[in-house]
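# A look at the structure
Listed below are the residues making up each chain.
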Amino acid sequence: GAVVSQHPSWVICKSGTSVKIECRSLDFQATTMFWYRQFPKQSLMLMATSNEGSKATYEQGVEKDKFLINHASLTLSTLTVTSAHPEDSSFYICSATGGRGYNEQFFGPGTRLTVL
Amino acid sequence: GENVEQHPSTLSVQEGDSAVIKCTYSDSASNYFPWYKQELGKRPQLIIDIRSNVGEKKDQRIAVTLNKTAKHFSLHITETQPEDSAVYFCAASPNTDKLIFGTGTRLQVFP
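What comes next concerns the included structure. Just so we're clear, the structure is a prediction, and the values are computed from it rather than from any experiment.

## Structural notes on the sheet that holds strand β1 (residues 4-7) of chain A
All names here are of chain A. The strand order across the open sheet built from four strands is β1-β3-β8-β7, with neighbouring strands paired in antiparallel fashion. Strands with a single pairing partner mark the edges of an open sheet, and in this sheet they are β1 and β7 (67-73). Here the strands of the sheet are splayed against their neighbours by 15° on average, with no regard to which way each runs. The pairing of β1 with strand β3 (residues 19-25) spans four bridges and is classified as antiparallel.

Put into structure tokens, the structure is as follows:
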């Protein structure tokens, strides 16, 4: 149990285009979902926290107009990188809580974004 | 906000030896401390966690200790094996559910 999926697993796009990444909890209802960004050989940096039906809470320094988060249901959250640029190239990982245990997060497999 | 420091950044050990990774956190309200193993290009995998009302927890070759007074927690891996080679992250969770990750430790176990 407590499986989180992400789609796509990788994406290559041209500079200036927008990219949408989906995060789904497959066998539990995710009360809260989190989005992280991980650059090569670095740690996971929390970008934002989203709760179903409400606006996401962004971490300091994360542009909310550039990284649009929608948590429309208890099993789906989406991250849209708008007007992507090469510096947005990174590994984006989502996680979800609500399956079991307080605080425990279940991670998706990640999405490798490359912006040309 | 919470800040988590992790040491060392790299650790090389001989197969069969023990490995210890240490983390410190800043927010005394943090009450949940998980450890993750991440292989290249993969998702972080929870290997062990500890809550603030417990001082030590063990699961086979892996143990975690927590010193709330000093705001330290450590991961201990005994009898290391080559398949333990990966990047390990500690994290701390304030009451708000979110996780703040340490900077990571690249562990290499040589046969």
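Now that the structure has been shown, the text picks up again.
## Looking at unusual backbone geometry
A:His7 connects to A:Pro8 through a cis peptide bond whose omega is 0°. One can find A:Pro8 in the loop between β1 and β2 (10-13). Cis geometry marks the peptide bond from B:His7 to B:Pro8, where omega comes out at -5°. Considering the arrangement of structural elements, one finds B:Pro8 in the loop between β1 (4-7) and β2 (10-14). Despite not being glycine, A:Ser83 has its phi angle at roughly 45°, a positive value. Tracing the sequence through the fold places A:Ser83 in the loop between β8 (76-81) and β9 (90-97).

## Side note on the pairing of strand β11 (residues 105-110) of chain B
Residue and element names in this part refer to chain B. Residues Thr105, Leu107 and Val109 line the buried face of β11, whereas the alternating positions Arg106, Gln108 and Phe110 sit on a face that is not buried. Pairing between β2 and β11: five bridges, direction parallel. By the bridge assignment, Ser12 is partnered in β11 with Gln108. As judged from the three bridges shared by strand β9 (residues 86-92) and β11, these two strands associate in the antiparallel manner. Following the sheet pairing, Tyr88 is matched in β11 by Thr105.

The rules we used
Every chain is numbered on its own, with residues counted from 1 as its sequence reads. Each chain is given a letter, starting from A, and each ligand a number, starting from 1, according to the order in which they appear as written. Only residues with pLDDT of at least 70 are given local features in this predicted model, and only at 80 or more are side-chain atom pairs given and counted; all residues enter the totals for whole chains, interfaces and linings. The basis for every side-chain value is the complete set of heavy atoms in the structure, and neither hydrogens nor water enter the calculation. Any two strands with at least two DSSP-identified bridges between them are counted as paired. Numbering of helices and strands runs from the N terminus, with a helix taken as a DSSP run of H or I at least four residues long and a strand as a DSSP run of E at least two residues long. To obtain each axis, a line is fitted to C-alpha atoms, and for helices this fit is confined to the stretch in contact; angles are then taken between N-to-C directions over 0 to 180 degrees. Exposed residues in this analysis have more than 50% of their type's maximum accessible area, buried residues have under 20%, and partly exposed residues fall in between, with area computed by a 1.4 Å probe over protein chains only.

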